[in-house]
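# Descriptive analysis of the structure
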Amino acid sequence: MASTAMAEDPSSSTEDDQLSSMSHDDIVRAIRLLDNETRVLKDELRRTTLERDSIEEKKRENLEKIKLNKQLPYLVGNIVEILEMTPEDEAEEDGDNIDLDSQRKGKCVVLKTSTRQVRFFCL
């Protein structure tokens, strides 16, 4: 059955004709060319597989970094100063440059955060 299927295929008959017309040295040369081509293709396959693996590893690392950067950090603050504020009685101003912090009453705090910000809060 297999021999009749091969004989019916027109491409295999042309290949058989080519093989029968080639000398032994030509057949050996064709075998070497095919072996070299398969070796080159296998090397290219290995190279692209390694490249794909390295890209997937970079992708995985970047996803981890994104996940870590999405987490909000703990905000830690240290009280630098506690101030007892009394409003200052100064001459009446035009309203151009009014210092609102000097008009506050009560206790105020200067807070320094872990993100290097300095904040002023009145309680």
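This write-up is about the structure you can find in this document. (Residues numbered from 1 in each chain as written. Predicted model: local features only at pLDDT ≥ 70, side-chain atom pairs only at ≥ 80, totals over all residues. Heavy atoms only, no water.)

### Remarks on the overall build of the protein chain
When helices and strands are counted, the protein chain shows three helices and three strands. Listed by position from the N terminus, the elements making up the protein chain come as α-α-α-β-β-β. Looking at the protein chain as a whole, 7% of its 123 residues are labelled buried. Sequence-distant contacts in the protein chain: of pairs separated by 6 or more residues, those separated by 24 or more amount to 39%. In the structure as shown, the protein chain presents an accessible area of about 11600 Å², 55% of it carried by carbon and sulfur atoms. (Helix = DSSP H or I, 4+ residues; strand = E, 2+ residues; numbered from the N terminus. Buried < 20%, exposed > 50% of the residue type's maximum accessible area, 1.4 Å probe, protein only. Contact = heavy atoms within 4.5 Å. Areas by Shrake-Rupley, 256 points an atom, 1.4 Å probe, with all protein chains shown as cover.)

### Side note on the sheet that holds strand 1 (residues 77-85)
Strands in a sheet are paired, the pairing made by backbone hydrogen bonds, and the direction either parallel or antiparallel. On the basis of which strands lie adjacent, the open sheet formed by three strands has the order 1-2-3 and antiparallel pairing. What marks the edges here is a single partner per strand, and that holds for strand 1 and strand 3 (118-122). Taking the axes of each pair of neighbouring strands and ignoring which way they run, one obtains an average angle of 20° across the sheet. In this structure, strand 2 (residues 106-113) lies alongside strand 3, joined through five bridges in antiparallel fashion. (Pairing = 2+ DSSP bridges. Axes fitted to C-alpha atoms, helices over the stretch in contact; angles between N-to-C directions.)

### Some points on unusual backbone geometry
Positive phi, normally seen in glycine, also occurs at Arg116, with a value near 65°. If you trace the backbone, Arg116 turns up in the loop between strand 2 and strand 3. You can call Arg116 exposed: its relative accessible area is 79%.

### Focus: the pattern of salt bridges
Any two side chains of opposite charge can pair, given that their charged atoms come close. Taken as a whole and assessed by the stated rule, the structure comprises six salt bridges. When the shortest N-O distance is used, the salt bridge between Arg29 and Asp26 registers 2.9 Å. Taken together, the residues Arg29 and Asp26, both in helix 3 (residues 24-70) and three residues apart, mark about one turn of the helix. Taking relative accessible area as the criterion, Arg29 reaches 47% and is therefore assigned partly exposed. Measuring nitrogen to oxygen at the nearest pair gives 3.8 Å for the salt bridge that ties Glu56 to Arg52. Of this pair, Glu56 and Arg52 both sit in helix 3, four residues apart, roughly one helical turn. By relative accessible area, Glu56 is classed as partly exposed at 38%. Each of Arg52, Asp53 and Glu56 takes part in one network of salt bridges that share partners. (Salt bridge = Lys/Arg side-chain N within 4 Å of Asp/Glu carboxyl O.)

### Notes on the environment of Val110
Its location among the elements puts Val110 in strand 2. A sequence separation of 31 residues divides Val110 from Ile79, and the C-alpha atoms of the two residues are 6.0 Å apart. In this structure Val110 touches Asn78, Ile79, Val80, Glu81, Leu83, Val118, Arg119 and Phe120, once residues within four positions along its chain are discounted.

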